[in-house]
Amino acid sequence: MNSPLLRAAATLATVAAVALVAGAGFGAATGWAVLALGALALLAYHLIKLAALIRWLRQPRAGALPDARGVWDEAFALLHRFERTAAKEAARLSRALTRWRQAGEALPDGVVILDAQNRIEWCNEGAGRHFGLNLGADLGRPVINLVRQPGFVAYVEAEDYTHTIQLRSEHGGGLTLSVQVIPYGESQKLLLSRDVTRFEKVETTRRDFVANVSHELRTPLTVLAGFLETVRELKLDPQRTRDYMNLMAEQARRMQRIVDDLLALSALESSPEPSLEARVNVQGLLARVMADTEALSAGRHRVTLDAFEGFDIAGAESEIASAFGNLASNAVRYTPEGGTVNLVWRASREGAEFTVEDTGVGIEPHHIARLTERFYRVDRGRSRETGGTGLGLAIVKHALMRHQATLEIQSEPGKGSRFIARFPARRMLPAATRTQDAATASPAAPGFS
Ligand code: ADP
């Protein structure tokens, strides 16, 4: 008999049958008494089980359902199954909630959940860093009582969330934050904050750069336009005309140099990282740099080259040539006549280094850190007179960086300067015998890794 109700009915029928038998054997009174006792016993059993169930329902502890038989066994078994399913579902929801919380915490951005009255319901660590919020202390508090900057308060209160606003965070060392409120659900809101300090810096650099380029090009362009106007308007004798033409050509060359250097910089920024396989034939390159340096000096300086021939480096030859060439030409340009320029290529403790030493004008210490900035010059006049663009050291720094090399600048005003380009050991290659095809030389020969 499977149905619990049928089993309950069978129990009642059994009691009635026993009562009938007792009535038949011992008289009707006995029969009624047995029936009443049986019914009472059954009622008491069901009341006890009902009380146990009510007790459990008041404080439902997992796995603590009362034992029972018959109809109650069935009911308790169903409850037990329901309880197990509910416990599993609760555990699943709890795990999902934990995962969402962890994901929220892991976000680098700040996230705050606000209710309809802009009170904090939840926030992550990012919001702590950006606004100094702390979930423990600030739960339920209006966000505008905690982030009091007028721009933020006006934004939250205006309830026009179609745009983002920028704030300077009073916490976390003056970060610049991009903040947006996104309404969702019935009346809740997400307050998102993103650290845009770096983007802002890049944007400022870009703006300054464009302003600098325009300024650098405008000066020679103005001069050029002035001369052109003069030559066109005035009747000049051939000698004067030639003089003006020479001056115009000089301005055009200046613009050309600036544009060439800008293109070189942009190529350095956009081309892929120099390969570890390609060989830079350092000896050949140094010979060319030496020849160019002597040509630029035109006998006004003593120029020396001291190069160790045992190794080359791996990388882009044109970039290394540009870096070494710029350092050497600066040494000539900033060293008065009669001075010395030494070029040295040698092994160092970390790898290899190229040093350019001069006995020139030197540099005051406070300029040194800024020399590799684009268009930074200590002496504008001298830079211009000697054909400088203010981009040479920026190109050097970029080209070296792309080879994991660094630039060190040592200088003493009035005595001279030393520029050292240091290459890591992993960029060093044993020198290929000059007859050997450079591309076939092993980049990993012993002693150079
Ligand atoms: P520039 O085209 O003006 O030479 P660079 O970027 O090559 O631009 O150099 C930046 C500035 O660094 C120069 O204007 C100059 O003031 C200084 N400088 C560079 N090399 C030397 C050097 N060897 N001796 C003294 N000053 C130097």
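Predicted model, so just to flag it, every value in this text is computed and none were measured.

A separate point is the site of the ligand. In the neighbourhood of the ligand, 22 residues make up the surrounding shell, with R333, Y334, S383, G390 and L393 lying closest. The separation between an oxygen atom of the ligand and a polar side-chain atom of N330 is 2.9 Å. With respect to the ligand, the backbone of G392 contributes an N or O atom lying 3.3 Å from an oxygen atom. Protein chains shield 98% of the accessible area of the ligand, which is 520 Å² for the free molecule. Taken atom by atom, the bulk of the ligand overlaps the largest pocket. Sorting the residues of the shell around the ligand by element identifies α11 (317-333), α14 (392-401) and β12 (416-424) as the ones contributing at least two each.

Let's shift gears to the confidence of the model for the protein. The predicted model of the protein has a mean per-residue pLDDT of 89, with 95% of residues at 70 or higher. Below a pLDDT of 50 lies the segment residues 435-449, which in the model reaches 18 contacts outside its immediate sequence neighbourhood of four places, other chains included.

When its volume is computed, the largest pocket comes out at roughly 870 Å³. Lining of the largest pocket is provided by 43 residues; of these, N326, S329, N330, R333 and Y334 occupy positions nearest its centre. Those elements that provide at least two residues to the lining of the largest pocket are α9 (238-270), α10 (282-297), α11, β10 (351-358), α13 (380-385), α14 and β12. The element that contributes the greatest number of residues to the lining of the largest pocket is α11, accounting for nine residues. Within the lining of the largest pocket, the residues separate by chemical class into 18 nonpolar, 15 polar and ten charged. Counting only domains with at least three residues in the lining of the largest pocket, you end up with domain 3 (200-268) and domain 4 (273-440). In this structure, the second largest pocket encloses a volume near 490 Å³. Taken together, 16 residues line the second largest pocket, and the ones lying closest to its centre are T205, F209, T372, E373 and R374. It is helix α8 (residues 197-233) that contributes the most residues to the lining of the second largest pocket, five residues altogether. A class-by-class count of the residues in the lining of the second largest pocket yields five nonpolar, four polar and seven charged.

On to the pairing of β12. Burial of β12 is extensive: seven of the nine residues sit out of reach of the surface. Two strands pair when backbone bridges link them, and β10 and β12 are joined in this way by eight bridges, in the antiparallel orientation. The partner of G351 across the bridge, within β12, is P424.

Turning next to unusual backbone geometry. Unusually for a residue other than glycine, E159 sits at a positive phi of about 60 degrees. Position of E159 relative to the elements: it lies in the loop between α7 (150-158) and β3 (165-168). Assessed through its relative accessible area of 53%, E159 is described here as exposed. One non-glycine residue, A298, lies in positive phi territory at about 50 degrees. When you line up the elements, A298 lands in the loop between α10 and β7 (302-307).

Right, let's get into the pattern of salt bridges. Per the stated rule, a full pass over the model turns up 23 salt bridges. Note that R168 and E200 form a salt bridge whose closest N and O atoms lie 3.6 Å from each other. Remark: E200 occurs in helix α8 and R168 occurs in strand β3; sequence separation between them is 32 residues. For R232, the salt bridge identified is with E233, shortest N-O distance 3.4 Å. Taken individually, R232 and E233 each receive the classification exposed, so the pair is uniform in this respect. Each of R346, E353, E408 and R422 takes part in one network of salt bridges that share partners.

What follows is about the domain arrangement of the protein. Taken domain by domain, the protein holds domain 1 (3-99), domain 2 (107-195), domain 3 (200-268) and domain 4 (273-440). Each of domain 3 and domain 4 was reduced to a C-alpha centroid, and the two centroids are 27 Å apart. Each side of the interface is counted separately: domain 3 has twelve residues, and domain 4 has 14 residues. When domain 3 packs against domain 4, the two sides together hide about 1,300 Å² of surface, and 67% of this comes from carbon and sulfur. Three residues stand out in domain 3 for area buried against domain 4, namely E216, L265 and L268, and they jointly supply 48% of the buried area on that side. There are two salt bridges connecting domain 3 and domain 4.

Taken together, the side chains of L40, L43, L47, L50 and I54 define a hydrophobic patch exposed on the protein surface, amounting to about 450 Å² of accessible area. Along the chain, I54 turns up in helix α2 (residues 28-58).

Here the focus is the packing of aromatic side chains. Taken as a whole and assessed by the stated rule, the structure comprises ten aromatic pairs. Relative to F152, the ring of F131 has its centre 6.0 Å away and its plane inclined at 40 degrees; by these criteria the two rings are tilted. Separated by 21 residues along the polypeptide, F131 in helix α4 (residues 125-131) and F152 in helix α7 bring together distant segments of the chain. Accessibility assignment for this pair places F131 and F152 in one class, buried. By the ring-pair criterion, three or more aromatic residues cluster together here, those being F308, F311, F324, W345, F354 and F423. Just above the ring of F199 sits the side chain of R198; from NZ or CZ to the centre is 5.8 Å.

Definitions and cut-offs
Residues numbered from 1 in each chain as written. Predicted model: local features only at pLDDT ≥ 70, side-chain atom pairs only at ≥ 80, totals over all residues. Heavy atoms only, no water. Near = heavy atom within 4 Å. Polar contact = N/O pair within 3.5 Å; in protein donor to acceptor, adjacent residues only side chain to side chain. Areas by Shrake-Rupley, 256 points an atom, 1.4 Å probe, with all protein chains shown as cover. 1 Å grid on protein atoms, 1.4 Å probe; cavity = no way out; pocket = protein on both sides within 12 Å on 5 of 7 lines; lining within 4 Å. Sits in = over half its atoms within 2 Å of the grid points. Helix = DSSP H or I, 4+ residues; strand = E, 2+ residues; numbered from the N terminus. pLDDT = per-residue confidence, 0-100. Contact = heavy atoms within 4.5 Å. Points joined across faces, edges and corners; volume = space filled by probe spheres on them. Nonpolar A, V, L, I, M, F, W, Y, C, P; charged D, E, K, R; others polar. Domains from an automatic or database assignment. Buried < 20%, exposed > 50% of the residue type's maximum accessible area, 1.4 Å probe, protein only. Pairing = 2+ DSSP bridges. Salt bridge = Lys/Arg side-chain N within 4 Å of Asp/Glu carboxyl O. Buried area = accessible area lost by both parts, 1.4 Å probe. Patch = residues over 30% accessible without salt bridge, like charges linked within 9 Å, V, L, I, M, F, W, Y side chains within 5 Å. Phe/Tyr/Trp six-rings, centres within 6.5 Å; stacked < 30°, edge-to-face > 60°. Lys NZ or Arg CZ within 6 Å of the ring centre and 35° of its normal.

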